Amino acid sequence: MIVTSATYQQTSIVSAELITRDPRNRLLARQSRIRLEAEAIRDSSIQSAGVLSTKIGGRGVYPPQPAGIYVLTQQKKAWPESQGNDRFRRGMYIFFWRSSPYPLMPTFDAPEASVTCTRRSRSNTPLQALTLANDRSFFEFAQLLAEKILQSDATSDTDRIRLAMQRTLARNPTPFEQTRLQAFVDAQKTWYAKNPQHAKTVAPDFLPANWELSDAAAWTALSRVLLNLDEFITRE
Amino acid sequence: MNSNSNNQQNHLGVRQQTRRHFFGSAGVNLGSLGLASLLLGDDLQAQSAPSTSTSEPHFTPKAKRVIHLFMAGGPSQLELFDYKPKLQEMHGQVIPESYVEGKNFAFIKKDATLLGTQRKFRRCGQSGLEISELLPHLGKHADDIAVIRSMKTEVFNHGPAKLFTNTGFQRFGRPSMGAWVTYGIGSESKDLPGFLVMHSGPRGPRGGTPLWGSGFLPTTYQGVPLLNSADPILNLSTPAGIESQGQAEFIDAVSDLNNARLQQVGDPEIATRIATYEMAYRMQSSAPELMDLKSETQETLTAYGITDPAKPSFARNCLLARRLIERGTRFVQLFHTDWDHHGNAGTNLGIPLEQRCAETDQPAAALIQDLKNRGMLEDTIVMWGGEFGRTPQGEPREKTPGRDHHIEAYSMWLCGGGIKGGVSVGQTDELGYYAVEDVVPVHDLQATVLHCLGLDHKKLTYRFQGRDYRLTDVGGNVVTKILA
């Protein structure tokens, strides 16, 4: 009933006047924008990359995490890094050590497992930016998304940008976005052409035959931009 | 603002975030974000002001920041700060039953015998504070510090006791002191987190991340571990193959697209997101710069006792703590582990205690002096202590002397902003078993630290699960005797 109501189906676009009069949307004159939960942010990235495992149940999984997690715990915990599809299970299956949870979780406000949680807060912090931008897992998702773009039928950059937008934001780019992203991808192509070693590291692992490494690396860079957008991690 | 809207806002930690980020109290610099302030406008600023916390102190503070030297394991007050002639006299006798009637201990039994200390104590400074020979460097600062000899806590196992000292509650889930403080008065750092945690010693402290967690407060306020690894902050380095130019172009592209979205949908949360990416980018250069001690003089390194600046140590962490507060960090916590001196080989009051003291005494004293030289001691609290103390009874597990966990009395010291130097507060009985005069429960210590920072511990609250919570739970009295 709620989700089919006209109130729920409103847009979350808000005028300056409305946000001044009702900053917290208590009068429900619009939909509220809500940042996704920790697990869902990761799930969305994996889904955009097209590799989300839909397996249900089973043992906890150990996706890659940065080094140094156990420096400040009494004991070094075992973290046998998962391989294959287990890297792409939904976030709710990630093994949870109470004294040092998978760092994505507390960074994006997942509650501690030892207390009841009546609501999750939704903070907006620089550590979240570092996680989405630099974490090894998220970079892998960007590479996998780039792989999907390169393997697609798209024949022009315009089409590839459109495809990338659809896979991440489920909409087509605005003219501004199209132009801005094209400029970005062009700059990356140029840079990686001059830095082939870097291009090799950044490009997806499985390239269609006709692709230059430097061009492929540029699409990883573009995928990384999209996976870092506020819109991508927000339920609009 | 009427009280009704106040109440409503108590539940809106999320929106408080928006507002906090805008006004820089969470450390995000919004100098370049004119758009954000335009969107917010003065009305919204007023309405968004959280009623339960303040980015201004409740009253004029004496201190602006805290460096907490946490000696994990429970350092023995009877070897370091609390000399008891009667205990020496009764060495080897079974403790009188009147002391231990109805008491439980972690390991020892009621028939344990009293253990006189083998350590000499000296009167130090003009104040004549009695401090152990094991802490010669601290002794030179006797007139700067206030020693509390009558600390008292509630739990005798390490994990819960550490949680209690740090969060005011013995189970997981409450915000830590550093989180409360940054929630209350924000941070002055534009390029680094407001609450940072460092570690030295053979292992991390029992209890783990909840010791510096934000509990039910927004995670903005959680302590950020500063690591000794290549990445001092998790995910600080760009992925392999992305150089600084590529990272700058990445941040620019993300910001431009976020900005376009902001103009379209008008949600100020997006402006905050843009600011967090800018700060993340700045942290990528500010954190390595912080960790690089090349700009420190040899004289400074020597004073702290740092032999190899690249090698992790308590001494290096003390110097990093000074560098952090110079950069505006509000709360720095240093954990140094392995003070749990029960009497086993490697964990006893002989050589292991001497080693812990040697590792920490000179750096802690150098920190006091360094802050003094830079005029920062007057508004920085330095606090030293563990989660509990050790029993007057010995725990001779092997042939080496040791003591069990003790919650009835232990010692800590504080100095700096708002704290009186050269005083001792509180006394224990003649055996050092019970704190008998001016007893300072943990909540009183917490209330006192908050007081020095200009925060009333009863007013620093956060509504969660239907009621207001505070660091000091339902306790806490400011220890006025140590206030300057």
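Residues numbered from 1 in each chain as written. Chains lettered and ligands numbered in written order. Predicted model: local features only at pLDDT ≥ 70, side-chain atom pairs only at ≥ 80, totals over all residues. Heavy atoms only, no water.

1. Things to note about the environment of T234 of chain A
All names here are of chain A. Its place among the elements puts T234 in strand β2 (residues 234-235). With relative accessibility at 10%, the residue T234 sits in the buried group. The spacing of T234 and R35 is 199 residues in sequence and 4.1 Å in space, taken between C-alpha atoms. If we ignore the near neighbours within four places in the chain, the residues touching T234 are R33, I34, R35 and L36. Here D230 takes part through its backbone oxygen, which lies 2.6 Å from a polar atom of the side chain of T234. (Helix = DSSP H or I, 4+ residues; strand = E, 2+ residues; numbered from the N terminus. Buried < 20%, exposed > 50% of the residue type's maximum accessible area, 1.4 Å probe, protein only. Contact = heavy atoms within 4.5 Å. Polar contact = N/O pair within 3.5 Å; in protein donor to acceptor, adjacent residues only side chain to side chain.)

2. A few points about the pairing of strand β17 (residues 467-470) of chain B
Residue and element names in this part refer to chain B. Strand direction decides the pairing type here: strand β16 (residues 461-464) and β17, joined by four bridges, are antiparallel. Pairing of T461 across the sheet is with R470, part of β17. From the end of β16 to the start of β17, which pair antiparallel, there are two residues, and Q465 there has a positive phi angle of about 50°. (Pairing = 2+ DSSP bridges.)

3. Section: helix α11 (residues 268-291) of chain B
Residue and element names in this part refer to chain B. The end-to-end C-alpha separation of α11 is 34 Å, in line with the 34 Å expected for 24 residues at 1.5 Å each. Roughly 30° is the biggest bend found in α11, and it falls at M283. When you tally the buried positions in α11, you get 18 out of 24 residues, the bulk of the element. (Expected span 1.5 Å × (residues − 1). Bend = angle between axes of the 7 residues up to and from the residue.)

4. Re the interface of chain A and chain B
Where interface size is quoted, it is often the accessible area lost as the parts come together. On the chain B side, the residues contacting the 70 residues of chain A number 78 residues. In total, chain A and chain B occlude about 6400 Å² of area from one another, counting both sides; carbon and sulfur atoms represent 58% of this. Where chain A packs against chain B, one counts five salt bridges. The residue R180 of chain A makes a salt bridge to D256 of chain B at a minimum N-O spacing of 2.6 Å. Run the count over chain A and chain B and you get 21 residue pairs in polar contact (both at pLDDT 80 or more). Considered class by class, the residues forming the side of chain A that touches chain B number 30 nonpolar, 22 polar and 18 charged. (Buried area = accessible area lost by both parts, 1.4 Å probe. Salt bridge = Lys/Arg side-chain N within 4 Å of Asp/Glu carboxyl O. Nonpolar A, V, L, I, M, F, W, Y, C, P; charged D, E, K, R; others polar.)

5. Some details on empty space enclosed by the protein
Using the criterion set out here, one finds ten cavities of 30 Å³ or more in the structure. Of the voids in this model, the largest cavity is the one considered here, and its volume is about 800 Å³. P106 and T107 of chain A together with T209, T219 and Q222 of chain B are, among the 44 residues lining the largest cavity, the residues nearest its centre. At the level of secondary structure, the elements contributing two or more residues to the lining of the largest cavity comprise α3 (104-107) and α4 (126-134) of chain A together with β6 (224-225) of chain B. Taken together, the residues that form the lining of the largest cavity break down as 23 nonpolar, 16 polar and five charged. (1 Å grid on protein atoms, 1.4 Å probe; cavity = no way out; pocket = protein on both sides within 12 Å on 5 of 7 lines; lining within 4 Å. Points joined across faces, edges and corners; volume = space filled by probe spheres on them.)

6. So, the packing of aromatic side chains
Under the counting rule described, the total for this entry stands at 25 aromatic pairs over all chains. Geometrically, the ring pair formed by F195 of chain B and F331 of chain B is edge-to-face, given 5.3 Å between the ring centres and 80° between the ring planes. Taken as a pair, F195 of chain B in strand β5 (residues 195-200) and F331 of chain B in strand β7 (residues 331-336) lie far apart in primary sequence, 136 residues in all. Residue classification places F195 of chain B among the buried residues on the basis of a relative accessible area of 1%. By relative accessible area, F331 of chain B is classed as buried at 0%. Clustering of aromatic rings is evident, with ring pairs tying together W180, Y183, F216, Y221, Y462, F464 and Y469 of chain B. A cation over an aromatic ring shows up here: R224 of chain A above the ring of F250 of chain B, its NZ or CZ 3.9 Å from the ring centre. (Phe/Tyr/Trp six-rings, centres within 6.5 Å; stacked < 30°, edge-to-face > 60°. Lys NZ or Arg CZ within 6 Å of the ring centre and 35° of its normal.)

7. A closer look at the confidence of the model for chain B
On average, chain B scores 87 in pLDDT, and the residues at 70 or more come to 89%. A low-confidence stretch, residues 1-54 of chain B (pLDDT under 50), is modelled with 108 contacts involving residues beyond four sequence positions or located in other chains. (pLDDT = per-residue confidence, 0-100.)

8. Re the domain arrangement of chain A
Per the domain assignment, the segments of chain A are domain 1 (1-32) and domain 2 (131-235). For domain 1 of chain A and domain 2 of chain A, the distance between their C-alpha centroids amounts to 33 Å. (Domains from an automatic or database assignment.)

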